[in-house]
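# Coordinate analysis (summary)
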Amino acid sequence: MKPVRVTTLLWMLLLVLGLGATRKGSPEEASFYYGTFPLGFSWGVGSSAYQTEGAWDQDGKGPSIWDVFTHSGKGKVLGNETADVACDGYYKVQEDIILLRELHVNHYRFSLSWPRLLPTGVRAEQVNKKGIQFYSDLIDALLSSNITPIVTLHHWDLPQLLQVKYGGWQNVSMANYFRDYANLCFEAFGDRVKHWITFSDPRAMAEKGYETGYHAPGLKLRGTGLYKAAHHIIKAHAQAWHSYNTTWRSKQQGLVGISLNCDWGEPVDISNLKDIEAAERYLQFCLGWFANPIYAGDYPQVMKDYIGRKSAEQGLEMSRLPVFSLQEKSYIKGTSDFLGLGHFTTRYIMERKNPSRQGPSYQNDRDLIELVDPNWPDLGSKWLYSVPWGFRRLLNFAQTQYGDPPIYVMENGASQKFHCTQLCDEWRIQYLKGYINEMLKAIKDGANIKGYTSWSLLDKFEWEKGYSDRYGFYYVEFNDRNKPRYPKASVQYYKKIIIANGFPNPREVESWYLKALETCSINNQRLAAGESVCFNVFL
């Protein structure tokens, strides 16, 4: 049975469940489900090293590709901003753990800086003991506060010397260097860390780093570079998993997975097979690109077919999509103890044939067009619309497609893109309420979801967007050298969800909303005099 038929059946099932009724504007409240999450469900928030730590050249840390990318001064980042200081998180560990305790989270997802631990990227050359000590102290501080560390090994900040010497993820030798780095982390921290993520959103890392050049290392190897990078990332993930499985698992009893980000793709016309197939293709080129090798041993058939055909039409003797050997397929299949999922928004999808003569590119390979509904709430960032029902569908799709894996939601959140301070983040409260409720419905549908990580703890450096997009529960005043943190209204709201383990009843949930927006008005007054403050309170 072809994958498209599986997914066609899944969409039909979703429609039978009545989810199709949400297509026109989604009368969310009418279908709101009051109830609680399973006992032991884990609530958390996330961050990444490069976006928050700062201290870019302190205590023996080596340069990362993002340090070099942002220091180029060529307008690659909005406002030519850097993350040299960012949230100053390297020096504010205790302060930020107080914020985590205030939120009542069960876990904190953060990443390790590869160049902070291995300045050249190569374990055999140099291990930075101060880097080891920093993360060891952070892990101990979390555990002493009864907060479980969920640790990402690599969140985009590759050691620059590996890029210079080997071409970064264009080189297959990176898999070995990553395995050595992972083994160092398992050895140093694995006695206390039981949840490991190898890579965070590798699709964006490959596409924006090696296809569009919007992210470090800024290469534009269209239609080839991203597939080669992804191929090596998948091999690196598998090597790290096997290392843990053979050397560390019996002693440490932990879990190793990967975190994959994907928006939901909904067919424009659910009665049109071409649109259904295009939406399926969207998901396979997004989620399946990495998940299919890990769960089924190879790339999705639709990727092999489309990229292979386009490559042949472009006069190439071989497909631009690399090939796994039989031995590699067997080695990669099954290398995940859980599936990490990141999700933010939804797109309507319809087929559009892209002529091969346009040249090789990831966008052209997919033969589809992405659309948005103008009625969807716009959250400030051009790409992010609040479409909660898409989250439930993606979770059900992943659960069905990959054989009922344990799922941890690793990134989900809403941005704010205004230049004035907004502590009364009513739109984030609505986003949290809607998306978390759709996740609860997905659990009710049968999805095996173990935990939820809201993105993110703090406002932070947002890659090519600099500091313009703010995802944090806590507002960071970047213009103040002390980088003070101020709680937004969503802190109080998310805390109530965590304490209640869901949504107990309408009256209580409504009271959370009102109280959260009362407290943010008080918090606004804590900001320094003269600060530009926007009061966006909708009661």
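Computed from a predicted model, the values in this text were never measured in an experiment. Along each chain, the written sequence defines residue order, and numbers are assigned to residues from 1. For a predicted model such as this one, the threshold for reporting local features is a pLDDT of at least 70, and the threshold for listing and counting side-chain atom pairs is 80 or more; totals across whole chains, interfaces and linings nevertheless cover every residue. The basis for the side-chain values is all heavy atoms of the structure; hydrogens and waters are excluded.

## A look at the overall build of the protein
- Strands here are runs of E lasting at least two residues and helices are runs of H or I lasting at least four, both read from the DSSP assignment and numbered beginning at the N terminus. Within the protein one finds 18 helices and 15 strands.
- Exposure categories follow from relative accessible area, calculated using a 1.4 Å probe and restricted to protein chains: below 20% of the type maximum is buried, above 50% is exposed, and the middle band is partly exposed. Here the protein holds 539 residues, and 63% of them are scored as buried.
- In what follows, a contact means two residues having at least one pair of non-hydrogen atoms within 4.5 Å. Relative to all contacts within the protein whose residues are 6 or more apart in sequence, the contacts with residues 24 or more apart total 76%.
- Residue-level accessible areas treat just the shown protein chains as cover; the underlying method is Shrake-Rupley with a 1.4 Å probe. As displayed, the protein has an accessible area near 20400 Å², and 52% of this comes from carbon and sulfur atoms.

## Some words on the side chain of Lys488
- With respect to the helices, strands and loops of the structure, Lys488 is situated in the loop between strand 14 (485-487) and helix 17 (489-500).
- We classify Lys488 as buried; its relative accessible area is 1%.
- Contact partners of Lys488, with chain neighbours within four places excluded, come to Gln416, Gln422, Leu423, Asp425, Arg428, Asp459, Arg470, Gly472, Phe473, Tyr474 and Tyr475.

## As for unusual backbone geometry
- Between Ala216 and the following residue, Pro217, the backbone shows a cis peptide bond with an omega angle of 5°.
- Looking at where Pro217 falls in the secondary structure, it is placed in the loop between helix 9 (202-210) and helix 10 (225-252).
- Positive phi, normally seen in glycine, also occurs at Asp404, with a value near 60°.
- Following the sequence through the fold, Asp404 ends up in the loop between helix 15 (388-401) and strand 11 (407-411).
- Under the relative-accessibility criterion, Asp404 is labelled partly exposed at 38%.
- The phi dihedral of Lys483 falls on the positive side, at around 50°, and the residue is not glycine.
- Mapped onto the elements of the fold, Lys483 is located in the loop between strand 13 (474-476) and strand 14.
- Given the relative accessible area of 10%, Lys483 is considered buried.

## Observations concerning the sheet that holds strand 7 (residues 264-267)
- Taken together, the three strands give an open sheet; going across it, the order is 7-9-10, and neighbouring strands pair in mixed fashion. Of all strands in the sheet, those bounded by a partner on one side alone are strand 7 and strand 10 (368-371). Looking at each pair of strands side by side, their axes are set apart by 40° on average, direction ignored.
- Whether two strands pair comes down to DSSP finding at least two bridges between them. Examined bridge by bridge, strand 7 and strand 9 (residues 346-351) share four bridges and lie parallel to one another. From the neighbouring strand, Pro267 faces strand 9, where its bridge partner is Ile349.
- The strands that helix 11 (residues 273-296) touches are strand 7, strand 9 and strand 10; relative to strand 9, the one it contacts most, it runs at about 125°. Working convention: axes come from line fits to C-alpha atoms, limited for helices to the stretch in contact. Angles between N-to-C directions cover 0 to 180 degrees.

## Focus: the packing of aromatic side chains
- Paired rings are identified among Phe, Tyr and Trp, the last through its six-membered ring, by centres lying within 6.5 Å, and are further divided according to the angle between planes into stacked (under 30 degrees), edge-to-face (over 60) and tilted (the rest). Scanning the entire structure with this criterion turns up 48 aromatic pairs.
- In this structure an aromatic cluster arises from ring pairing among Tyr50, Trp66, Phe69, Trp156, Phe461, Trp463, Tyr467 and Phe478.
- The rule for a charge over a ring is simple: NZ of Lys or CZ of Arg within 6 Å of the ring centre, and within 35 degrees of the ring normal. Over the aromatic face of Tyr306 sits the side chain of Arg309, whose NZ or CZ is 4.8 Å from the ring centroid.
- Cation over ring: Lys433 sits above Phe32, and NZ or CZ is 5.0 Å from the ring centre.

## What to know about the state of the cysteines
- Disulfides are defined as pairs of cysteine sulfur atoms found within 2.5 Å of each other. With the rule as written, the count across this model stands at one disulfide.
- The residue that forms a disulfide with Cys262 is Cys286, at a sulfur-sulfur distance of 2.3 Å. Highlighted residues: Cys262 in the loop between strand 6 (255-261) and strand 7 and Cys286 in helix 11, separated in sequence by 24 residues. Here the two residues Cys262 and Cys286 agree in accessibility, since each one is buried.

## Examining the pairing of strand 6
- Counting buried positions along strand 6 gives six out of seven residues, so the element sits mostly inside the fold.
- The sheet contact formed by strand 5 (residues 195-200) and strand 6 spans four bridges and is parallel. Considered in strand 6, the bridge of Ser200 is made with Ser259.
- Sheet topology note: the strand 6/strand 8 (residues 339-342) ladder contains four bridges and is parallel. Counterpart to Ser259 in the pairing with strand 8 is Gly340.

## Some thoughts on the UniProt feature "active site" (unreviewed entry) in the protein
- UniProt positions are given in the numbering used here, feature names are shortened, and annotations may be inferred rather than shown by experiment. Using the residue numbers shown here, the UniProt feature "active site" (unreviewed entry) corresponds to Glu411.
- Turning to its location among the elements, Glu411 is positioned in strand 11.
- Residues contacting Glu411, with those up to four places away along its chain left out, are Arg109, His155, Ser200, Asn261, Leu341, Gly342, His343, Phe344, Thr453 and Trp455.

## Some remarks on the nonpolar core
- What is meant by a nonpolar core is a set of buried Ala, Val, Leu, Ile, Met, Phe, Trp, Tyr and Cys residues, joined one to another through side-chain atoms within 4.5 Å. Within the largest apolar cluster, 161 residues are counted, with the highest numbers of intra-cluster contacts made by Leu112, Trp169, Trp196, Met439 and Tyr494.
- One finds Ile197, Phe338, Tyr408 and Met410 within the second-largest nonpolar core, a separate group that totals five residues.

## Topic: the packing of helix 11 against helix 12 (residues 301-313)
- Where helix 11 meets helix 12, the closest approach of the two axes is 9 Å, and the angle between their N-to-C directions is 110°. Judged by the inter-axis angle, helix 11 sits roughly perpendicular to helix 12. Here Arg281, Gln284, Phe285 and Trp289 of helix 11 come into contact with helix 12, specifically with Val302, Met303, Tyr306 and Ile307.
- Residues are grouped as follows: nonpolar covers Ala, Val, Leu, Ile, Met, Phe, Trp, Tyr, Cys and Pro; charged covers Asp, Glu, Lys and Arg; every other residue, Gly included, is treated as polar. Per-class residue counts for the contact of helix 11 with helix 12 are six nonpolar, one polar and one charged. Here roughly perpendicular refers to angles of 65 to 115 degrees, roughly parallel to angles under 35, roughly antiparallel to angles over 145, and oblique to all remaining angles.

## Observations concerning the sheet that holds strand 4 (residues 148-154)
- Strand order in this closed barrel of eight strands is 2-3-4-5-6-8-11-12, and the pairing throughout is parallel. When the angles between neighbouring strand axes are averaged without regard to direction, this sheet yields 25°.
- Sheet topology places strand 4 next to strand 5; four bridges connect them, and they run parallel. Within the sheet, the bridge partner assigned to Thr152 lies in strand 5 and is Ile197.

## Considerations on the confidence of the model for the protein
- For every residue, the predictor states its confidence as a pLDDT score lying anywhere from 0 to 100. For the protein, per-residue confidence averages 92 on the pLDDT scale, and 90% of positions sit at 70 or higher.
- Counting contacts from residues 1-6, a segment whose pLDDT is below 50, to residues more than four positions away or on other chains yields six contacts.
- pLDDT under 50 marks residues 24-29. Its contacts with residues more than four places away, or in other chains, come to eight contacts.

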